[in-house]
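# Observations on the model geometry
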Amino acid sequence: MEIKACIFDLDGVIVDTAKYHFIAWREIARELGFEFTEAHNERLKGVSRMRSLEILLEVGGIVLDQKAKEFLAEKKNNDYLKYVLQMTPDEILPRVKDFIEELRQLQIMIAIGSASKNAMTILNRLQIIHLFDTVVDGNKVTKAKPDPEIFLKGAHELIIPPANCVVFEDAEAGIEAAIAANMKCVGIGSPQNLAKANLVIPGFEKFSFHKMNELLK
Ligand code: BG6
Ligand code: MG
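Procedures and definitions
Within each chain, residues carry numbers counting from 1 in the order of the written sequence. The naming scheme follows written order: chains are lettered A onward, ligands numbered 1 onward. Only residues with pLDDT of at least 70 get local features here, since the model is predicted, and only at 80 or more are side-chain atom pairs given and counted; chain-wide, interface and lining totals rely on the full set of residues. To obtain the side-chain values, all non-hydrogen atoms of the structure were included, while hydrogens and water were left out. By convention in these notes, a salt bridge is any Lys or Arg side-chain nitrogen within 4 Å of a carboxyl oxygen on Asp or Glu. We count a stretch as a helix when DSSP gives it H or I for four or more residues in a row; a strand needs E for two or more, and each element gets its number in order from the N terminus. Partly exposed residues are those whose accessible area sits between 20% and 50% of the maximum for their type, while under 20% is buried and over 50% is exposed, using a 1.4 Å probe and protein chains only. Because no water is among the atoms considered, metal sites can look incomplete, with donors defined as N, O and S atoms within 2.8 Å of the metal, or 3.2 Å for Na, K and Ca. In this context, the arc is that of the directions from the helix axis out to the C-beta atoms. Any two residues whose heavy atoms approach within 4.5 Å are treated as being in contact. In this analysis, strands are considered paired if DSSP registers two or more bridges between them. Each axis is a line fitted through C-alpha atoms, and for a helix only the stretch in contact is used; angles between axes span 0 to 180 degrees, taken between their N-to-C directions. Seen with its strands pointing away from the viewer, a crossover is right-handed if its path from the first strand over the helix to the second goes clockwise.

### Digging into the pattern of salt bridges
- Applying the stated criterion to the full structure yields 16 salt bridges.
- Residue Glu54 is joined to Lys69 by a salt bridge in which the shortest nitrogen-to-oxygen separation is 3.4 Å. Of the two residues, Glu54 sits in helix α3 (residues 49-60) while Lys69 sits in helix α4 (residues 66-84), which places them 15 residues apart along the sequence.
- On the accessibility criterion, Glu54 (27% relative accessible area) is partly exposed.
- The exposure class of Lys69 is buried, given its relative accessible area of 13%.

### Quick word on the coordination of the magnesium ion (ligand 2)
- Donor atoms from the polypeptide that bind the magnesium ion (ligand 2) are Asp9 (OD), Asp11 (O) and Asp170 (OD), placed at 2.0 to 2.1 Å.
- Between the donor residues of the magnesium ion (ligand 2), the gaps in sequence give the motif D-x1-D-x158-D. Of the two residues, Asp11 is situated in the loop between β1 (5-8) and α1 (18-32) and Asp170 in the loop between β4 (165-169) and α8 (172-180); the sequence distance between them amounts to 159 residues.

### Some points on helix α6 (residues 119-126)
- Among the residues making up α6, those that are buried are Ala119, Ile122, Leu123 and Leu126. Buried positions in α6, seen along its axis, are confined to an arc of 100° and lie on one side of it.
- The inward-facing, buried residues of α6 contact α4, β2 (109-113) and β3 (134-136).
- Gln127 sits one or two positions beyond α6 and adopts a positive phi of about 60°.

### What to know about the sheet that holds β2
- In space, the six strands of this open sheet follow the order β3-β2-β1-β4-β5-β6, with parallel pairing throughout. Edge positions in the sheet fall to β3 and β6 (199-201), since each has one partner strand and no second. Mean inter-strand twist for the sheet, computed between neighbouring axes without regard to direction, equals 25°.
- As defined by bridge partners, β1 adjoins β4 across four bridges and the pair is classed as parallel. Looking at β4, one finds that Ile7 is bridged to Val167.
- Sheet strands in contact with helix α5 (residues 96-105) are β1, β2 and β4, and its direction is about 155° off that of β1.
- Of the strands in this sheet, β1, β2, β3 and β4 are in contact with helix α7 (residues 149-158), which crosses β3 at around 160°.

### Description of the pairing of strand β5 (residues 184-188)
- Counting buried positions along β5 gives four out of five residues, so the element sits mostly inside the fold.
- Taken together, the four bridges between β4 and β5 define a ladder with parallel strand orientation. If you follow Val167 over to β5, its bridge partner there is Cys185.
- Following the chain from β4 across α8 to the adjacent parallel β5, one finds a crossover that is right-handed.
- With three bridges connecting them, β5 and β6 associate as parallel partners. Considered in β6, the bridge of Ile188 is made with Ile201.

Below, the structure written as structure tokens:
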């Protein structure tokens, strides 16, 4: 397989926004009268905003109508944005920027494939938007991961066949989406949670294009 494009999930791969999502969701849970823990928060990784709220309500055993859910999702997002708007380039996860720069030098096409509707805001805060040939985010798709739509759209925008794309993902739903898109997938995290990926790495330290090519063979 010849690697011609790399598609990066954003949250959990390039930056750790899960901690801000957690603080904002925990606040919503407290207002509703229950505790939302970090273990519960694991279930929200890679999942869309509305689906995240539905999982949170499941945890609290609360049923709400659509209007109330929309109100809470917006409230959570306004709170989350307060943290996002204070982010700095220091928060980019170790070595990921070097890896992306190496890919650029090798003329590999590069995309973001993120469920987040805040992806552009985050990329701007991190000052790395110029590194990507295209950004497919939650505003551009109708189906959430594990549906392959995000990654297929990314490949389409880069004009690269899916079979020549590698996806970088930290969430199980994202890995399933990559597999469904007929792409190779590198999991970022621990092998226990990401068993379906073709290759799992703890992070981008000591990682390179050459190494990836060898390991994905
Ligand atoms: C994903 C995160 O990248 O984006 C999820 O892993 C989050 O936790 C989802 O719910 C949607 O994000 P946003 O920024 O549109 O609320
Ligand atoms: Mg993620």
